[in-house]
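# Reading the structure
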Amino acid sequence: MPRTAPGRRLLIAAVLAAGIAAGTTACTVAHRTEVFRQDELSDAQQAIADIQFAAADLTIDGTVDRADTTYNPNQPITLSVRTSKDANVAILRVLANGDTTIVFPNRAHRDAALRANTTLTVPAGGDKVKIAADKPGVVLFALIASASDKSWLFKRPPDDGSDFADLGVTSRNIAKDIASSLKGSAAAAVHLTVRISGGGLL
């Protein structure tokens, strides 16, 4: 094996050390930004996430109030929503078992209308409602917007004694009803997932 000059050996060692350090930094950044995290939906949640609308000149975007999108059981979750055009907005919370709840509109804010490029915060400051989940796992939020207010989705009142309207656990049927009620209307949807910590979740 040919010998390597001492100076060259030192240069190679330095390059290798720098590469390892860079790789470590990259892994740290990837972990911090959760590049490798994937929130797997249950079949019941996927039924809601799979709702399709005809292409429309309307978009909806949303975020939650924690950058890591991870919450403790019963910790309040705040969502922010914007639409590209004046629209009516509904937010569904879908648990792994398919339990689907309309968390907006709600008892504190019953008007589904949202002006274009205006941020809607749910719950808004001072609203006496709380969005949370009590069991560890992945929670899906489906944010749906339509230029029309004809869908029952934007008019369903909260259940008696509750801040929200509970639609039950038959998420496939719920998805069909939503798609049917918005057929022919300009509509758009986006989906967010959060994790409720515990039960071995990262």
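Before reading on, note that the structure itself is shown above.
To start, this report covers the structure provided alongside it.

Criteria and thresholds
Residues numbered from 1 in each chain as written. Predicted model: local features only at pLDDT ≥ 70, side-chain atom pairs only at ≥ 80, totals over all residues. Heavy atoms only, no water. Helix = DSSP H or I, 4+ residues; strand = E, 2+ residues; numbered from the N terminus. Buried < 20%, exposed > 50% of the residue type's maximum accessible area, 1.4 Å probe, protein only. Areas by Shrake-Rupley, 256 points an atom, 1.4 Å probe, with all protein chains shown as cover. Arc of directions from axis to C-beta. Contact = heavy atoms within 4.5 Å. Salt bridge = Lys/Arg side-chain N within 4 Å of Asp/Glu carboxyl O. Pairing = 2+ DSSP bridges. Axes fitted to C-alpha atoms, helices over the stretch in contact; angles between N-to-C directions. Polar contact = N/O pair within 3.5 Å; in protein donor to acceptor, adjacent residues only side chain to side chain. 1 Å grid on protein atoms, 1.4 Å probe; cavity = no way out; pocket = protein on both sides within 12 Å on 5 of 7 lines; lining within 4 Å. Points joined across faces, edges and corners; volume = space filled by probe spheres on them. Nonpolar A, V, L, I, M, F, W, Y, C, P; charged D, E, K, R; others polar. Phe/Tyr/Trp six-rings, centres within 6.5 Å; stacked < 30°, edge-to-face > 60°. Lys NZ or Arg CZ within 6 Å of the ring centre and 35° of its normal. Core = buried A, V, L, I, M, F, W, Y, C linked by side-chain atoms within 4.5 Å.

### So, the overall build of the protein chain
Helix and strand content of the protein chain: 3 helices and 10 strands. Counting the 202 residues in the protein chain, one finds 39% classified as buried. Of the roughly 11,600 Å² that the protein chain leaves accessible, carbon and sulfur atoms contribute 54%.

### With respect to helix α3 (residues 171–181)
Those residues of α3 lying buried are Ser171, Ile174, Ala175 and Ile178. Each buried residue of α3 lies within a common arc of 100 degrees when the element is viewed along its axis, so the set occupies one face. Projecting away from the buried face of α3 at angles above 90 degrees are the exposed residues Arg172, Lys176 and Ser180. Tucked into the core, α3 has its buried residues touching α2 (43–49), β4 (87–94), β5 (100–104), β8 (137–146) and β9 (165–168).

### Looking at the pattern of salt bridges
All chains considered together, the criterion is met by 4 salt bridges. With a shortest N-O distance of 3.1 Å, Asp57 and Lys85 are connected by a salt bridge. Taken together, the residues span a long stretch of sequence, with Asp57 in the loop between α2 and β1 (60–64) and Lys85 in the loop between β3 (79–83) and β4 at a distance of 28 residues. Asp57 gets classed as exposed once you look at its relative accessible area, which sits at 59%. Take Lys85: its relative accessible area is 39%, and that puts it in the partly exposed class.

### What about the sheet that holds β3?
Read across the sheet, 3 strands follow the order β1-β3-β7 without closing on themselves; strand pairing throughout is antiparallel. At either margin of the open sheet sits one strand with a lone partner, and together these are β1 and β7 (120–122). Each strand of the sheet is rotated relative to its neighbour by a mean of 20 degrees, with strand direction disregarded. For β3 and β7, the ladder comprises 3 bridges, and the chain directions are antiparallel.

### A look at the side chain of Asp39
Locating Asp39 in the fold gives a position in the loop between α1 (6–32) and α2. With relative accessibility at 18%, the residue Asp39 sits in the buried group. A polar side-chain atom of Asp39 sits 2.9 Å from a polar atom in the side chain of Thr193.

### Remarks on the layout of surface pockets
Within this model, the second largest pocket holds a volume of roughly 150 Å³. Along the walls of the second largest pocket sit Leu95, Ala96, Asn97, Ala133, Asp134, Lys135, Pro136, Gly137, Val138 and Val139, which together make up its complete lining. Residue classes in the lining of the second largest pocket are distributed as 6 nonpolar, 2 polar and 2 charged.

### Comments concerning the packing of aromatic side chains
Scanning the entire structure with this criterion turns up 0 aromatic pairs. Lying over the aromatic face of Tyr71, Arg66 brings its terminal NZ or CZ to 6.0 Å of the ring centre.

### Some remarks on the nonpolar core
In this structure, Ile77, Leu79, Val89, Ile91 and Phe141 are the most contacted members of the largest nonpolar core, which totals 27 residues. Broken down by secondary-structure element, the contributors of at least two residues to this core are β1, β3, β4, β5, β7, β8 and β10 (187–196). Sequence-distant contacts of Val89, defined by excluding residues within four places in its chain, comprise Ile60, Val81, Thr83, Phe104, Pro105, Ala112, Leu114, Leu120, Ile144, Ala145 and Phe154. Judged by nonpolar contacts, the second largest core, of 23 residues, contains Leu41, Ile48, Leu92 and Ala165.

### Examining the pairing of β8
Most of β8 is tucked away, with 10 of its 10 residues classed as buried. By the bridge criterion, 7 bridges tie β4 to β8 in an arrangement that is antiparallel. Directly across from Ile91, in β8, lies its bridge partner Leu143. Sheet topology places β8 next to β10; 10 bridges connect them, and they run antiparallel.

### Re unusual backbone geometry
In this model, Phe104 is joined to Pro105 through a cis peptide bond whose omega is -5 degrees. Its place among the elements puts Pro105 in the loop between β5 and β6 (113–114). A cis amide bond, omega -5 degrees, links Val122 with the succeeding residue Pro123. Here Pro123 is to be found in the loop between β7 and β8. In this structure, Asn74 is a non-glycine residue whose phi angle is positive, near 70 degrees. Topologically, Asn74 is positioned in the loop between β2 (70–71) and β3. The exposure class of Asn74 is partly exposed, given its relative accessible area of 42%. In this model, Asn117 sits at a positive phi of 55 degrees, which is unusual for a non-glycine residue. Inspection of the secondary structure puts Asn117 in the loop between β6 and β7.

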